[in-house]
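Structural characterization, general
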Amino acid sequence: MSESNDKVSFREAMKKALHLGGTLFAVTAVTGLILGFVQHFTEQAIMRTELEARNAAFREVMPDAKTFNPVDVTDDEFITGIQKAEGDSGLVGWCISISSKGYGGPVGFIAGITKDGTVKAIKILNHSETPGLGARSTEPEFYEQFNDRSVLPLKVVKGTAENPDEIAAISGATITSTAVTNGVNTAVEYWSKKLKGAE
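This section reports on the structure supplied with the text. A quick note: this is a predicted structure, and the numbers were derived from the prediction, not measured. (Residues numbered from 1 in each chain as written. Predicted model: local features only at pLDDT ≥ 70, side-chain atom pairs only at ≥ 80, totals over all residues. Heavy atoms only, no water.)

1. Quick notes on the pattern of salt bridges
Side chains that differ in sign of charge can pair as their charged atoms come close. For clarity, the threshold we go by: Each salt bridge in this description consists of a side-chain nitrogen of Lys or Arg and a carboxyl oxygen of Asp or Glu lying within 4 Å of one another. In this scheme, a residue with accessible area under 20% of its type's maximum is buried, one over 50% is exposed, and one in between is partly exposed, where area comes from a 1.4 Å probe on protein chains only.
Inspection of every chain in the model, using the stated rule, returns six salt bridges. The residue glutamate 139 makes a salt bridge to arginine 136 at a minimum N-O spacing of 3.7 Å. The class for glutamate 139 is partly exposed, based on a relative accessible area of 33%.

Listed below in structure tokens is the structure:
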């Protein structure tokens, strides 16, 4: 084979390599862009779903309210957000978002506190508790115990709650029960110190 043929073969090989490299680069770039768009829109959808769930939870714990407006949280590691709940005639109460340490990790929930300091209701939003045990905190049998509680602070008891300041623990899940109850007490205490009397 002559030297000129070697040069031609080398040039053709280089062209093929460059063409293949360019094609791979283009495919990679397009794939990256597509994945970026998918991730962006997926994140937006997840954020929208989470926001809708939170708004539904606000309405659930403070059903007399029509609007919910965020309020700054000051100096509390367990309070993750506050919404001022207002109805047709003004302030109805507050939706206080709480993160309390459960058995398997943080238990996130919202407590509705009326303007006179009564616990209207709570709504568990997220947790990592044990299925069949702490995960039962999302069942009405447990969380409805907090409805319309005005004798505060609350305490957890094993067995049947007989007094107006008692919450019956979930069987086998005292840690979760205590985490939620302590979180509610924290929300009420925050209301008493920072929100009571505000309009």
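From this point on, the discussion continues.
2. Considering the packing of aromatic side chains
Stated formally: The aromatic pairing rule takes the rings of Phe, Tyr and Trp, using the six-membered ring of Trp, and pairs them if the centres are within 6.5 Å, calling planes under 30 degrees apart stacked, those over 60 edge-to-face and the rest tilted.
Enumeration according to the criterion identifies two aromatic pairs in this entry. Between phenylalanine 142 and phenylalanine 146, the ring centres sit 5.5 Å apart and the planes meet at 75°, which makes this aromatic pair edge-to-face. Side by side, phenylalanine 142 and phenylalanine 146 carry an identical accessibility label, which is buried.

3. Let's talk about the nonpolar core
Applicable threshold: Nonpolar cores were defined as sets of buried Ala, Val, Leu, Ile, Met, Phe, Trp, Tyr and Cys residues, with membership established by side-chain atoms within 4.5 Å. Here a helix means four or more residues in a row that DSSP labels H or I, a strand means two or more in a row labelled E, and each is numbered from the N terminus. Pairs of residues are marked as contacts when any of their non-hydrogen atoms sit within 4.5 Å.
Membership of the largest hydrophobic core comes to 27 residues, with the highest contact counts inside it found for Ile96, Phe109, Ile122, Phe146, Val180 and Val184. Those elements giving two or more residues to this core turn out to be strand 2 (79-87), strand 3 (90-101), strand 4 (106-114), strand 5 (119-126), helix 2 (140-143) and helix 3 (174-195). Here this core takes seven residues from helix 3, the largest share from any one element. The contact partners of phenylalanine 109, leaving out residues within four places of it in the chain, are Ile96, Ser97, Ile98, Ser100, Ile122, Lys123, Ile124, Leu125, Val180, Gly183 and Val184. In terms of nonpolar packing, the next biggest core, distinct from the first, is built from eleven residues, Phe58, Val61, Phe68 and Val92 among them.

4. Some remarks on the environment of serine 99
Checked against the element boundaries, serine 99 lands in strand 3. For serine 99 and valine 119, which are 20 residues apart along the polypeptide, the C-alpha to C-alpha distance reads 17 Å.

5. Concerning the sheet that holds strand 1 (residues 67-71)
The condition is simple: Each pair of strands is called paired provided DSSP finds at least two bridges between the two strands. Interaxial angle, 0 to 180 degrees, is taken between N-to-C directions of lines fitted to C-alpha atoms, where a helix line uses only the stretch in contact.
Reading across the sheet, the five strands line up as 1-2-3-4-5 and stay open at both edges, with antiparallel pairing between neighbours. The open sheet has two free edges, formed respectively by strand 1 and strand 5, since each of these has just one partner strand. Geometrically, the sheet is characterised by an average inter-axis angle of 25° between neighbouring strands, direction not taken into account. For strand 3 and strand 4, the ladder comprises nine bridges, and the chain directions are antiparallel. Within strand 4, the position partnered with serine 97 by the bridge is isoleucine 110. Across the face of the sheet, helix 3 comes into contact with strand 2, strand 3, strand 4 and strand 5 while running at roughly 135° to strand 3.

6. Considering unusual backbone geometry
Cis rather than trans, the peptide bond between leucine 152 and proline 153 has omega equal to 0°. Within the fold, proline 153 resides in the loop between helix 2 and strand 6 (155-157). The backbone of aspartate 148 shows a phi angle near 55°, a positive value even though the residue is not glycine. Looking at the element boundaries, aspartate 148 is found in the loop between helix 2 and strand 6.

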